[in-house]
Amino acid sequence: MLKNDKKKIMAMVWAVIAIIISIGICVVATQGLKDKKPASGKPATGTDMATGTDVATDSDTEQETTTIQQETVTAPTGQPAETTQQQTTQTETSESETTTPPPTKKPQETTKNSASGTTTQKYPQETTKVTSFGYVSFQTEVMTKQEIYNALPKAFIEVDYTPPAGVKYPYAIKVNRAQCCITIYGIDSKGEYSVPVKAMVCSVAKTITGTPLGTFHTTDMYKWRLMQGNVYSQYATRFTGHILFHSVPYYTQNKNDLETHHFNKLGNPASAGCVRLCVADAKWIQENCPKGTQVTVYSDSVVAGPLGKPTMIRIPTTGKNKGWDPTDPDSKNPWNSCMPVIKITNSVIQVNQGAKVTTAQLFTGVTATDTCGNDITDRIRINNIQLVKNTGSLRTLEVTYFVVDLLGREATATKTVNVTITQEIQPPTTPQKPIAPQPTTPQPTTPETTTPQPPTPQPTTTPAEQPTETTTPESTTPSAEQPTTEQGEDSAGEEEELSGEDYRMNE
């Protein structure tokens, strides 16, 4: 018996020892896994093969004080949505700036020109970018100067091009009569004029046959030319009969006596047959396209040209400089010393914690004028947002605004914006709930007493009152409003059309 008891006791001892050893092995293995984690509780990182950047790989990082929230920003039409990451800290002490990387641009759209066989490109719209400072984020576009310049219309469109050496006619000219647009073509490797290098906005004849279609060649050139009606034009270049390229007419042979109202018509039919240009473009043709240069006049109402159609700046009809063409390179041109101007006023913006500052808030009190004094506030873009002060609930920012006018002249200004953050107040819906004892039957008592009485008097009174109510709106609103607005618009339009003048070549 004693031997059997000793055997049982020894078996139990060895079983306990085996259990203790297995527990020790598990503890050692678990400690080894913990040692593989990085120090200070930070997540392990790996490499994103798509972007080449380090990314978190430890799922336990969701319990850290810094959280990462994904926000999908709705992109403009025709572009995919952009997903950005904003970092916010619960202690509200972060002074770092988090800016989303610039979005991948969508390939430019091309449109086929049926007449010239070339294609035109359209710039895609920029995707909204979000900049975040602590608990405040700004949902607005932040663009480089080059992006701003490329996205806005301009008076001069030109690409880098150097014509081959020794070529007698380095360029060919194509005039799209339907859209008042000229495209200058250079020579390709095969000796053909297929490389669009410059676009110009022009005015052709007001009548459809005034500027003839066909292929012609330049002949005579004049620095000043007397036109029918005793008016003058600069840099006139003939290409068929009485039809020439030339500047907008002047009342006299003086550069400060421009017919301003006709300059402001560039881009629309306005002449008696000639092709009108700004001084800079008329001078370029005369200096770069020798006699014998090919000129093709065609009509394409769909595509202006492979480089698009420029937009010429407008001259105010009042002011001391109104008689000068702002594109004239003459050193005496007073427009040479004029530049765009951005006017700003500092502002204070108040937002709730976690809310976004809108583009409209950032542009409040910001206006701009171009070289000629025209309002170009709609051309202003934000070039940079920088945090300069971060204390408590106050964020002081410097917002840099940039504008470029149609002539390519630039202006920059910086605005100080103070953003105050307020915590969201508890919703006032809870104190209003005690007012719910309204359905305690005070309402059904009144209809029970009043319902038997109204049926008898109502039929007698309502038929007499209704005709008076329906007749008054019919006689006042339709007849009084519509005729006045239509007559005013028609008469004004006729006056503007009758004020134009025709100019022909005086041979």
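Residue positions are given per chain, counted from 1 along the sequence in the order it is written. Residues qualify for local features only when their pLDDT is at least 70, as the model is predicted, and side-chain atom pairs are given and counted only at 80 or more; totals for whole chains, interfaces and linings, by contrast, use all residues. Side-chain metrics in this entry use all non-hydrogen atoms of the structure; hydrogen atoms and water are not considered.

## So, the overall build of the protein
Move 1: Think of it this way: any DSSP run of H or I at least four residues long counts as a helix, any run of E at least two long counts as a strand, and we number them from the N terminus. On a plain count of helices and strands, the protein comes out with 8 helices and 26 strands.
Move 2: Throughout this description, buried means an accessible area under 20% of the type-specific maximum (1.4 Å probe, protein chains only), exposed means over 50%, and partly exposed covers the range between. Burial status across the protein gives 36% buried among its 507 residues.
Move 3: The contacts of the protein with a sequence gap of at least 6 include a subset with a gap of at least 24, amounting to 62%. Here, residues are in contact when the closest pair of their heavy atoms is within 4.5 Å.

## Digging into the pairing of strand 11 (residues 172-176)
Move 1: When you tally the buried positions in strand 11, you get 5 out of 5 residues, the bulk of the element.
Move 2: Of the strand pairs in this sheet, strand 11 and strand 12 (residues 181-187) are connected by 5 bridges, and their pairing is antiparallel. Its bridge partner being in strand 12, Ile173 is matched across the sheet by Ile184.
Move 3: Judged from the 4 bridges that link them, strand 11 and strand 19 (residues 294-298) form a sheet pairing that is parallel. Pairing of Ile173 across the sheet is with Val295, part of strand 19. At least two bridges found by DSSP between two strands is the condition for calling them paired.

## What about the confidence of the model for the protein?
Move 1: Every residue carries a pLDDT, the predictor's confidence in it, which falls somewhere between 0 and 100. Averaged over every residue, the pLDDT of the protein is 73; residues scoring 70 or more account for 61%.
Move 2: Taken as a whole, residues 36-128 scores under 50 in pLDDT and shows 157 contacts with residues more than four places along the chain or in a different chain.

## Comments concerning the packing of aromatic side chains
For any two aromatic rings, the description comes down to two numbers: the centre-to-centre distance and the angle of the planes.
Move 1: Note on aromatic pairs: the rings of Phe, Tyr and Trp (six-membered ring only in Trp) are paired at centre separations within 6.5 Å, and the planes decide the class, stacked below 30 degrees, edge-to-face beyond 60, tilted for the rest. Counted by the stated rule, this structure contains 6 aromatic pairs.
Move 2: Both rings, one in Phe363 and one in Tyr401, keep their centres 5.5 Å apart while their planes meet at 70°; by these two values the pair is edge-to-face. Pair noted here: Phe363 is in the loop between helix 5 (359-362) and strand 23 (366-369) and Tyr401 is in strand 25 (residues 394-404), with a separation of 38 residues, a long-range link.
Move 3: For Tyr401, a relative accessible area of 0% gives the class buried.
Move 4: Ring pairs connect the aromatic residues Tyr161, Tyr171 and Trp284, which therefore count as one cluster.
Move 5: Charges are assigned to positions over rings by a cutoff of 6 Å between ring centre and Lys NZ or Arg CZ, combined with an angular limit of 35 degrees from the ring normal. In this arrangement the basic side chain of Lys174 is found over the ring face of Tyr185, its NZ or CZ atom lying 4.8 Å from the centre.

## Digging into the sheet that holds strand 14 (residues 214-217)
Move 1: What the 6 strands build is an open sheet, ordered 10-13-12-11-19-14; its pairing is mixed. Two strands bound the open sheet, and with one partner strand each, they are strand 10 (157-158) and strand 14.
Move 2: Both strand 12 and strand 13 (residues 193-201) contribute to a ladder of 7 bridges, which runs antiparallel. Bridged to Gly186 within strand 13 is Val195.
Move 3: Each of strand 10, strand 11, strand 12 and strand 13 touches helix 4 (residues 279-288); the most contacted strand, strand 13, lies at about 145° to it. The axes used here are C-alpha line fits, helices contributing only the stretch in contact, and every angle between their N-to-C directions lies in the interval 0 to 180 degrees.

## Comments concerning unusual backbone geometry
Move 1: A positive phi is found at Cys180, a non-glycine position, where the angle reads about 55°.
Move 2: Inspection of the secondary structure puts Cys180 in the loop between strand 11 and strand 12.
Move 3: What makes Cys180 buried here is its relative accessible area of 2%.
Move 4: Residue Asn230 is not a glycine yet carries a positive backbone phi of 55°.
Move 5: Its place among the elements puts Asn230 in the loop between strand 15 (221-227) and strand 16 (231-240).

## Remarks on the environment of Pro153
Move 1: Looking at where Pro153 falls in the secondary structure, it is placed in the loop between helix 2 (145-151) and strand 10.
Move 2: By relative accessible area, which is 44% here, Pro153 ends up partly exposed.
Move 3: Between the C-alpha atom of Pro153 and that of Lys309, which follows or precedes it by 156 residues, the distance is 8.8 Å.

## Some points on the pattern of salt bridges
Move 1: One speaks of a salt bridge when a side-chain nitrogen belonging to Lys or Arg is within 4 Å of a carboxyl oxygen belonging to Asp or Glu. Under the criterion given, the structure shown has 5 salt bridges.
Move 2: Glu158 is paired through a salt bridge with Lys198; the nearest N and O atoms lie 3.3 Å apart. Of this pair, Glu158 sits in strand 10 while Lys198 sits in strand 13, placing them 40 residues apart in sequence.
Move 3: Classification of Glu158 by relative accessible area gives exposed; the value is 52%.
Move 4: On the basis of relative accessible area, Lys198 is assigned to the buried category, the value being 5%.
Move 5: The salt bridge involving Asp330 is made with Lys255; its shortest N-O contact spans 3.0 Å. Here Asp330, found in the loop between strand 19 and strand 20 (341-344), pairs with Lys255, found in the loop between strand 17 (243-247) and helix 3 (260-263); they are 75 residues apart in sequence, far enough to count as distant.
Move 6: What emerges from the salt-bridge pattern is a single network uniting Lys255, Asp328 and Asp330.

## Side note on the nonpolar core
Move 1: Residues belong to one nonpolar core when they are buried, are Ala, Val, Leu, Ile, Met, Phe, Trp, Tyr or Cys, and are joined through side-chain atoms within 4.5 Å. Of all hydrophobic cores here, the largest spans 41 residues; its most connected members are Ile173, Ile182 and Phe245.
Move 2: Breaking this core down by element, the ones donating at least two residues are strand 11, strand 12, strand 13, strand 16, strand 17, strand 18 (275-277), helix 4 and strand 19.
Move 3: Per element, the largest residue contribution to this core is 4 residues, and it comes from helix 4.
Move 4: Not counting residues within four places of it along the chain, the set of residues in contact with Ile182 comprises Ile173, Lys174, Val175, Lys198, Ala199, Met200, Cys202, Phe245, Val275 and Leu277.

## Thoughts on the pairing of strand 13
Move 1: Two elements, strand 10 and strand 13, share 2 bridges in a ladder whose sense is antiparallel. Each residue of the ladder has a partner; that of Glu158, found in strand 13, is Lys198.
Move 2: Once strand 12 ends, the chain turns through 5 residues before running back antiparallel as strand 13, passing Gly191 with a positive phi of about 85°.

## A closer look at the side chain of Ser347
Move 1: Note on placement: Ser347 falls in strand 21 (residues 347-352).
Move 2: Residue class for Ser347 comes out buried when judged on its relative accessible area of 14%.
Move 3: In this view, Ser347 contacts Lys415, Thr416, Val417 and Asn418; residues no more than four positions away in its chain are not counted.

## Comments concerning the sheet that holds strand 16
Move 1: Taken in spatial order, the 4 strands line up as 15-16-17-18 in an open sheet, and their pairing is mixed. Each edge of the sheet is formed by a strand with only one pairing partner; in this case those strands are strand 15 and strand 18. The sheet shows a mean angle of 40° between the axes of neighbouring strands, taken without regard to direction.
Move 2: As paired elements, strand 16 and strand 17 share 3 bridges and run antiparallel to each other. Note that in strand 17 the partner of Thr237 across the bridge is Phe245.

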